[in-house]
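# Structural description and commentary
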Amino acid sequence: MVVFEVGFIGRRMIYEDLRAMLPGVRLMFADDLSSALGKDLAILDYYVNYECVGRCVKLDRDYDRVKVITDVASAIIRLTDPGLVKVGLDYGSEHIGLAIAYDNTPLVGATLSLAEFVAFVRLMKIKVHGIHVGDGFIRSGLTGIFTNLCRLAGYVGIVDETEASQLREIVKERFGLMGDVVDAFSFTLMEPRLVVKCS
């Protein structure tokens, strides 16, 4: 299992939010800039006097959770082989579980509202290997965003949610995931029943 080390300098509230959304990443509060920059990725709050280049994410003064998720997810994906990165999406009645997995390890996980999810799709600038959604997606009425999902991936795969649910307890126990993120990550582990190739 690959574990990326991320150094963080910034507000405690943001650190706690990042800890929750980066289950497969070793996030550390850094004492100084050089120790943050010495990790695989550095996340620096707006007040840190350093212009980010390379493996670094600079946060805005006004905390925008979705922008942070997309910026950090994009930076982490760039550290990997994008051909091994899959996104899992669990469409619930009120929320959407999002999991970004690399080589069957969860890197990023979050529960988003529909508005946050639409913003995520709009802001995400990096392409991944595939997106796995549960078959409930077809019943959700959200199939209109299929084209936007294809902008982010080489394919969109529909997985059987009933089969994926059998992985819930294993995923919770092994990775400590919770809520809709559990199902979203489980989808990334499943072989899709239907695959739509994206051009």
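Structure: above.
It should be emphasised that the depicted structure is a prediction, and the values quoted were computed from it without experimental measurement. (Residues numbered from 1 in each chain as written. Predicted model: local features only at pLDDT ≥ 70, side-chain atom pairs only at ≥ 80, totals over all residues. Heavy atoms only, no water.)

Leu 18, Leu 89, Phe 120 and Ile 131 are the most contacted members of the largest nonpolar core, which has 51 residues in total. Among the elements that line this core, the one with the most residues is helix α3 (residues 65-78), at eight residues. When neighbours within four sequence positions are excluded, Phe 120 is seen to be in contact with Val 66, Ile 69, Thr 70, Leu 98, Ile 100 and Leu 112. Of all hydrophobic cores here, the second largest spans nine residues; its members include Ala 99, Ala 101, Phe 175 and Leu 177. (Core = buried A, V, L, I, M, F, W, Y, C linked by side-chain atoms within 4.5 Å. Buried < 20%, exposed > 50% of the residue type's maximum accessible area, 1.4 Å probe, protein only. Helix = DSSP H or I, 4+ residues; strand = E, 2+ residues; numbered from the N terminus. Contact = heavy atoms within 4.5 Å.)

Let's shift gears to the packing of aromatic side chains. Counted according to the given criterion, the structure contains eight aromatic pairs. Measuring from centroid to centroid gives 6.3 Å for Phe 4 and Tyr 102, while their planes differ by 50°, and the two rings are tilted. In this pair, Phe 4 sits in strand β1 (residues 4-9) while Tyr 102 sits in strand β6 (residues 96-102), placing the two residues 98 residues apart along the sequence. Given the relative accessible area of 8%, Phe 4 is considered buried. With a centroid separation of 5.6 Å and 90° between ring planes, the pair formed by Tyr 46 and Tyr 47 is classed as edge-to-face. Tyr 46 gets classed as partly exposed once you look at its relative accessible area, which sits at 31%. The class of Tyr 47 is partly exposed, set by a relative accessible area of 45%. Here the aromatic cluster, defined as three or more aromatic residues joined through ring pairs, consists of Phe 8, Tyr 15 and Phe 29. (Phe/Tyr/Trp six-rings, centres within 6.5 Å; stacked < 30°, edge-to-face > 60°.)

Let us look at the sheet that holds strand β4 (residues 56-58). Taken together, four strands build an open sheet; the order of strands is β2-β1-β3-β4 and the sheet is parallel. A strand with exactly one partner marks an edge of an open sheet, and here the two such strands are β2 (25-29) and β4. Adjacent strand axes in the sheet meet at a mean angle of 20°, parallel and antiparallel pairs treated alike. As paired elements, β1 and β2 share five bridges and run parallel to each other. (Pairing = 2+ DSSP bridges. Axes fitted to C-alpha atoms, helices over the stretch in contact; angles between N-to-C directions.)

So, on to the pattern of salt bridges. What the rule picks out here adds up to twelve salt bridges. Measuring nitrogen to oxygen at the nearest pair gives 3.7 Å for the salt bridge that ties Glu 16 to Arg 19. Placement of both Glu 16 and Arg 19 in helix α1 (residues 12-21) is noted, with a separation of three residues, approximately one turn of the helix. A residue is classified by how much of its surface remains accessible, and Glu 16, at 34% relative accessible area, is partly exposed. Note that Lys 172 and Glu 169 form a salt bridge whose closest N and O atoms lie 3.6 Å from each other. (Salt bridge = Lys/Arg side-chain N within 4 Å of Asp/Glu carboxyl O.)

Another point: the environment of Val 68. Position of Val 68 relative to the elements: it lies in helix α3. The buried category is assigned to Val 68, whose relative accessible area is 6%. Taking the C-alpha atoms as reference, Val 68 lies 29 Å from Pro 192; in sequence the two are 124 residues apart. With residues near it in sequence (within four places) discarded, Val 68 still touches Leu 18, Leu 59, Tyr 63 and Ala 73.

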